[in-house]
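# Structural characterization, general
Given next are the chains, with one letter for each unit.
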Amino acid sequence: YVFRAAPFVPELRIILDWSVTRTALELWEWLKLSEISADLYLAKCRSEARATSGRQQGDPQPLWLKLLQGWSVFFLLSLVIFLPLVLFSSVSPVVLTPNPVDGVSATVSLAGPLGTFQLLEATQAKVVDVASQVELQQLIDDRRPLSSSENFKLQDMQTVALYADSASVWGITPPGRAELVQMVSDHNESVSLRVSLELSQEASQTTARFDTATTLSPVQVSNISAVLAGDTGAYFDVIDAYPSVVRLPGSGAAASMLSDHGPALRLSLNRSAAAEWWSVTRIGGRTTGPRGPVTLVETRGLAAGVFGSLLSYGIIGLYVVFVLAVSRFLRSSTVLVAVKIPLTDLPDGTDVLQLSRDIEAARQEGDLALEEALYRALIDLYRSPETLFEYTKLKQD
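Before going into details, it helps to say that this report is about the structure given with it. (Residues numbered from 1 in each chain as written. Predicted model: local features only at pLDDT ≥ 70, side-chain atom pairs only at ≥ 80, totals over all residues. Heavy atoms only, no water.)

### Re the overall build of the protein chain
Heads up, the condition is: Each helix is a run of DSSP H or I of at least 4 residues and each strand a run of E of at least 2, with the numbering of both proceeding from the N terminus. In this scheme, a residue with accessible area under 20% of its type's maximum is buried, one over 50% is exposed, and one in between is partly exposed, where area comes from a 1.4 Å probe on protein chains only. By the convention used here, residues are in contact when the closest approach between their heavy atoms is within 4.5 Å. For the area figures, the Shrake-Rupley method with a 1.4 Å probe applies, and any residue is considered shielded solely by the protein chains shown.
Helix and strand content of the protein chain: 13 helices and 14 strands. Residue burial in the protein chain is summarised as follows: out of 397 residues, 35% are buried. For the protein chain, contacts bridging at least 24 residues in sequence account for 68% of all contacts bridging at least 6. Approximately 23,100 Å² of the protein chain is accessible, and the part contributed by carbon and sulfur atoms is 59%.

Take a look at the structure:
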């Protein structure tokens, strides 16, 4: 049963045998002969097992057989169906390995009808694990209301704090600066602040990107104009303008932004004799560490070992690879059972089985004419249910 149910294995053996054997039969005739021989052999085994079991007609099936063929098969089928769901659930027994954030990149830009103008790019950040439940609760309180579940586990939480100053000088050209000044000077135009945050995880070799866009008020746009004009101490503030809480699943699901609520940000333009660069500082919230935006990150671990290899395909891939493969093996024993009764429930298939073996013997002796003649006789026998019925009766009948 196992050999015949294995995907493509019987077909490969049959095709290879036909390719290297001198025979008068076509490939499809060889396939039919192999199927007939296998069915006859299994029917003979079942007939002999019934004859030697000592069971009389009307005897109930024994309890051990019900446990072996009933409850055990029921348990295995239930396991095949529900095991993938358990592996992806919160009660999964799979051992997880850490999958921390180890790469950070962020950009801040102004967008409007005249185009998008990048203000700063931050590539330096401090990534640390949340130290205590008290700290985690404080970080959550600073970011309420959350747009998703707040049932966070301390061991999964990290904070990503950006340094305030841009990693590079502001390289805008004079014509580009003139267009930006024109865009923020026209109070009839809509201007938005766009923040893009990229987090990479080396363990899972994934990178997730989160984008926010905040429409600025006329007062904020006016403050930007003052910053560009070089007014001393000029700045502009924005609120809810960056990904403050994000989730990075280990595998099988997409990353998601849970909240953009958090402490306000203050953007200012720094000047020296040779260069200009932007800074983005956090107003309120935690007072230690870098002064830039802080993102609370939930990082799910990666499953290790065999389960990890299975889970990497996702729940859909796991069902395709695992469930369908097992179901093919099981259903090969149950599908079209009623249709196969005339061919599988033979009281005595010894003579027909001997005919199929005679075909193989004729082939081995090199008598291909006899091989084909015996094969035609076997096919004619299977084409006539009445003749097959008479030919396979028990000899004592």
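### Brief notes about the side chain of Ser47
Following the sequence through the fold, Ser47 ends up in helix α3 (residues 27–52). On the basis of relative accessibility, which here comes to 19%, the residue Ser47 falls in the buried class. Residues contacting Ser47, with those up to four places away along its chain left out, are Leu346 and Pro347.

### Quick look at α3
As a reminder, the rule being used: One less than the number of residues in a helix, times 1.5 Å, gives the span that helix is expected to have.
With 26 residues, α3 extends 38 Å from end C-alpha to end C-alpha; this agrees with the ideal 38 Å at 1.5 Å per step. Listing the buried residues of α3 in full gives Leu27, Glu29, Trp30, Leu33, Ile36, Ser37, Asp39, Leu40, Leu42, Ala43 and Ser47. Looking one or two residues beyond α3, the residue adopting positive phi is Gly54, at roughly 75°.

### With respect to the sheet that holds strand β12 (residues 276–283)
Definition in use: Only strands joined by at least two bridges in the DSSP assignment are considered to pair. Lines fitted to the C-alpha atoms define the axes, with helices restricted to the stretch that makes contact. Angles between their N-to-C directions range from 0 to 180 degrees.
If you walk across this open sheet you meet the three strands as β8-β11-β12, and the pairing is antiparallel. At either end of the open sheet lies a strand with only one pairing partner, and these are β8 (236–238) and β12. Each neighbouring strand pair of the sheet contributes to a mean axis angle of 25°, computed without reference to strand direction. Sheet topology places strand β11 (residues 264–271) next to β12; eight bridges connect them, and they run antiparallel. Looking across to β12, one finds that Ala264 is bridged to Ile283. Relative to β8, helix α7 (residues 218–229) is tilted by about 140°, and along the sheet it contacts β8, β11 and β12.

### Some thoughts on the sheet that holds strand β3 (residues 115–122)
Strands sit in the order β3-β2-β6-β7 across an open sheet of four strands; the sheet is antiparallel. Strands at the two margins of the open sheet, each flanked by one partner only, are β3 and β7 (206–215). Strand-to-strand twist across the sheet, computed as the mean angle between neighbouring axes with direction ignored, equals 20°. The pairing of strand β2 (residues 103–112) with β3 spans seven bridges and is antiparallel. Opposite Val108, over in β3, you have Leu120 as the bridge partner.

### A closer look at the pattern of salt bridges
Two side chains with opposite charge may pair up if their charged atoms get near one another. Note the following rule: The term salt bridge refers to a pairing of a side-chain nitrogen on Lys or Arg with a carboxyl oxygen on Asp or Glu at a separation within 4 Å.
Scanning the entire structure with this criterion turns up 12 salt bridges. The closest approach of N and O atoms between Arg376 and Glu372, which form a salt bridge, is 3.1 Å. Here Arg376 and its partner Glu372 are both found in helix α12 (residues 368–383), four residues apart, which amounts to about one turn of the helix. Residue class for Glu372 comes out partly exposed when judged on its relative accessible area of 29%. It is possible to trace a salt-bridge network through shared partners that takes in Glu29, Glu372 and Arg376.

### Topic: unusual backbone geometry
Not every positive phi belongs to a glycine, and Asp240 is a case in point at roughly 50°. Along the chain, Asp240 turns up in the loop between β8 and β9 (245–248). Overall, Asp240 belongs to the partly exposed group, its relative accessible area being 26%.

### Side note on the nonpolar core
Convention followed: For the purposes of this section, nonpolar cores are sets of buried Ala, Val, Leu, Ile, Met, Phe, Trp, Tyr and Cys residues that join through side-chain atoms within 4.5 Å.
Ranked by internal contacts, the top residues of the largest apolar core, which has 39 residues, are Leu199, Leu267 and Trp278. Aside from chain neighbours lying at most four places away, what touches Leu267 is Val108, Leu119, Leu193, Tyr235, Phe236, Val238, Trp278, Ser279 and Val280. Residues Leu25, Leu33, Leu346 and Leu388 belong to the second largest nonpolar core, which totals 15 residues.

### Section: helix α6 (residues 174–185)
The condition that has to hold: Think of it as the arc spanned by the lines of direction from the helix axis to the C-beta atoms.
Look at α6: 16 Å from first C-alpha to last across 12 residues, which is about the 16 Å you get at 1.5 Å a residue. Of all the residues in α6, the buried ones are Gly176, Leu180, Met183 and Val184. Seen along its axis, α6 keeps its buried residues to an arc of 90°; they face one direction. When the buried face of α6 is taken as reference, the exposed residues oriented beyond 90 degrees from it are Pro174, Pro175 and Gln182. Contacts from the buried residues of α6 go to β2, β3 and α7.

### Details of a nonpolar patch on the surface
Our working rule: Patch definition: residues above 30% relative accessible area lacking any salt bridge, with like charges linked at up to 9 Å and the nonpolar side chains Val, Leu, Ile, Met, Phe, Trp and Tyr linked at up to 5 Å.
Together, Leu63, Leu67, Trp71 and Phe74 make up an exposed nonpolar region whose accessible area comes to about 520 Å². Relative to the helices and strands, Leu67 resides in helix α4 (residues 63–87).

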